[in-house]
Amino acid sequence: MDLSAINPLVLVASLMVAATPILLAAIGELVVEKAGVLNLGVEGMMITGAICGFATAVETGSPLLGFLAAFAGGAALSLVFGVLTQVFLSNQVATGLALTLFGLGLSSLMGQGYTGIKPPPTARIEIPVLADLPVVGRILFQHDWVVYASLLLVAGVWAFLRYTRAGLVLRAVGESHDAAHALGYKVVRIRILAILFGGACAGLGGAYISLVRVPQWTDGMTSGAGWIALAIVVFASWKAPRVLLGAYLFGGVAVLQLNLQAAGIAIPVEYLSMAPYLITILVLVIMSADRSRAALNAPASLGRSFHASS
Amino acid sequence: MTALLTVEGLTKAYPGVVANDDVSFAIAPGEVHALLGENGAGKSTLVKMIYGLVRPDAGRMRLRDTPYTPSEPRAARASGVAMVFQHFSLFDALDVAENIALGMENPPPQRQLARRIREVSEAYGLPLDPDRLVGELSAGERQRVEIIRCLLQDPKLLIMDEPTSVLTPQEVQILFETLRKLAAEGTAILYISHKLEEIRALCDNATILRLGKVVATCDPREKSAAELAEMMVGTKLTPPERESAAPGEVVLDVSGLSMKSANPFGTTLKNVHFRVRAGEVLGIGGVAGNGQDELLAALSGESRVEPDAIRLKGADVGQLGPNARRRLGLLCAPEERLGHAAAPDMSLTENAILTGVIREDLAARGFLRWGAAQGFARRIVERFDVRTPGVGHAARSLSGGNLQKFVIGREVLQRPEVLVVNQPTWGVDASAAAAIRQALLDLASTGTAVICISQDLDELMEISDQFAALNEGRLSAPRPARGLSIEEIGLMMGGAHDMEVADAV
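Residues numbered from 1 in each chain as written. Chains lettered and ligands numbered in written order. Predicted model: local features only at pLDDT ≥ 70, side-chain atom pairs only at ≥ 80, totals over all residues. Heavy atoms only, no water.

## A short note on the environment of Q110 of chain B
At step 1: In this structure, Q110 of chain B sits in helix 4 (residues 110-123).
At step 2: Linking Q110 of chain B and E98 of chain B, residues 12 residues apart in sequence, is a C-alpha distance of 7.7 Å. (Helix = DSSP H or I, 4+ residues; strand = E, 2+ residues; numbered from the N terminus.)

Here you go:
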């Protein structure tokens, strides 16, 4: 066992890369849940985004187009969920689970013929001056543009929910759809827009796995990242800055696990691979132990179907 | 004076029921106009059409002599029509200013809005702090949020849907002052209620609806409450009566009952004391959200408390669950009919089994005795005049009044030692309400102790021997109901909740 083999600088830098897919998916799901919709299909939308992005990037040679395709692919799949749950009033939990299974199958169909290919590399952006700072420059300012975009997105979502009227309306819809309807807000339209945003973000997160993090295509390569993203939203008690904290925490555990393996710690690999999930469960238990506080932050209409009949 | 709003021949039909049939009336600027009618008479549908939430099938509306066809509430608000809802259209987890901003077309920035809220609330004697979370406000304060939301838009017509059902008598007085001030400034007010005395005190004109039709128009100040009631219900109502019997032994003794609510916006019960004797009716009044649900949960066993906080005939039952308490004779009928007192999609027979299985012996060795269960359900339907095609029909298919009769009857027929009911006649038509009250009194005269939690003070005064009020989780000391004045009751309910008129400032 040789812990000195773990370089903390590399660890932190790779933590940001490892956390970005779940960060993107989680911030999207946060918006969806704030609007009162529980979409359990994050995993399916991520993997669909992963293959859409991968295939497009390989065919066109442009990672940027790949990410755009992932954005569209995730949104398209989420639209299926949106129409089923908001228009046809199907059960959100069952539909979300179905979406995950459907996405896994669809992606594996679309991905035939793309195994073993390398995608075009995504450009790193070395922020001038800052990137040359000792230590910090290496950790924070030498990443690809998606990492920065994800951070901007978190800040944007936070400001949107907190300071804009549209954000207030979105929160109101998630809090009480009946009251929002009585005031004349278009509950269904607002929720479908939120679902589309969530799907697009999940798609981006998936593409980040297949284009940057791994980078290659294998079936089921998101391997549960979507579920962790869902857990992080609860862990963050529906607050955008805490989503960032949660995602980096879980990203950190995942990276540390790889590093520990590399350092030859005498623990079976399976235990280390379990660690992020075990910690997810542990954190969720601790978070929800104080029931009243967790309940206070949860959108009150979360997961409830809305029908404008009364 | 020319009319502000005229409604001509409005008709709206839902599958199986005509909610409004050729309704016409007019309201002038500065007039307080009452819409009077029982639950289900079509009052709510009518105002929803005026507010643009529901589109009429036929008929016309004119606002200031121009055709008025609001397609959505936003259009209604733009035309100067504002509405305060019966079930508040507020968001618990947002603060007062955010709630008000949501109801406005072009809200100013939050800081400016907060200042305007303070100005308007003080001008109309309705003090309100814009930064507080709505979930923490009392019912009276929440209503202020709605009223101020309307006032900020300078409405020409203000619709108030059953505004006083959640207020203490003192709070009602403050509200009436505000409404009179508004009317004097030329705002027309459409006031919906089934409380006759209020309408006689406040309104200039009344339109009375029965089963969707206008049955009369009158000046309520020239009619007696009994005359108005007769027009509203269509028949004479006989108030429930009972033979007075000497109260027996103390059956239920609650002492030092404290309990935290399971709901983050709920009320903590604080050191509640009371005793009920056999054959006695204890009425517990109070504004909604002052611990009623929590008290029912503590008495029914849904929430466990200290063993000796609740004693039934001398035995500690505080730690027992609902079924153990039922076995001992402590039965409850909660407020929410669909979902709490009855399972909406299960048949009446199945619902009868759910609470009656122990005392009516409806199961043997783990198997249900369907014959006995159906017999029990049929007995409830017959004894309490529940209108239903059969006991195999789902609870959801019954009207509110019929289901309520079933729910109360199911407990009454189990011969309880103590029966706790919460809001037994909420949303129930007058004749069903009278039947339910009579059933509770009959039960008491057979020696059962009855605890009736209700927000309807008239109901409590009608049936109670003892009266107590819940206020912020505390229960006032019970007093004999006979001879209590409305002022005394108001003070027991917490007075005006520190919401004195701000004119003094």
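Anyway, onward from the coordinates.
## A look at unusual backbone geometry
All names here are of chain B.
At step 1: For K313, which is not glycine, the phi dihedral falls at a positive 45 degrees.
At step 2: Tracing the sequence through the fold places K313 in the loop between strand 14 (310-312) and strand 15 (315-316).
At step 3: You will see that D361, though not glycine, has its phi angle at about 60 degrees, which is positive.
At step 4: Within the secondary structure, D361 is located in the loop between helix 11 (348-356) and strand 17 (363-364).
At step 5: Take D361: its relative accessible area is 46%, and that puts it in the partly exposed class. (Buried < 20%, exposed > 50% of the residue type's maximum accessible area, 1.4 Å probe, protein only.)

## Observations concerning the sheet that holds strand 3 (residues 32-36) of chain B
All names here are of chain B.
At step 1: Across the sheet, six strands lie side by side as 6-7-8-3-9-10; this open sheet has mixed pairing. Every interior strand has two partners, whereas the edge strands, strand 6 (81-84) and strand 10 (213-218), have only one. Averaged over all pairs of adjacent strands, the angle between their axes in this sheet comes to 20 degrees, without regard to strand direction.
At step 2: Pairing analysis gives four bridges linking strand 3 to strand 9 (residues 205-210), with the strands arranged parallel. When the sheet's bridge partners are listed, A34 is paired in strand 9 with A206.
At step 3: Sheet strands touched by helix 1 (residues 43-50): strand 3, strand 6, strand 7 (157-161), strand 8 (188-193) and strand 9. Its angle to strand 8, the strand with the most contacts, is close to 155 degrees.
At step 4: Against the sheet, helix 6 (residues 169-184) makes contact with strand 3, strand 7 and strand 8, and its axis sits at roughly 145 degrees relative to strand 8, the strand it touches most. (Pairing = 2+ DSSP bridges. Axes fitted to C-alpha atoms, helices over the stretch in contact; angles between N-to-C directions. Contact = heavy atoms within 4.5 Å.)

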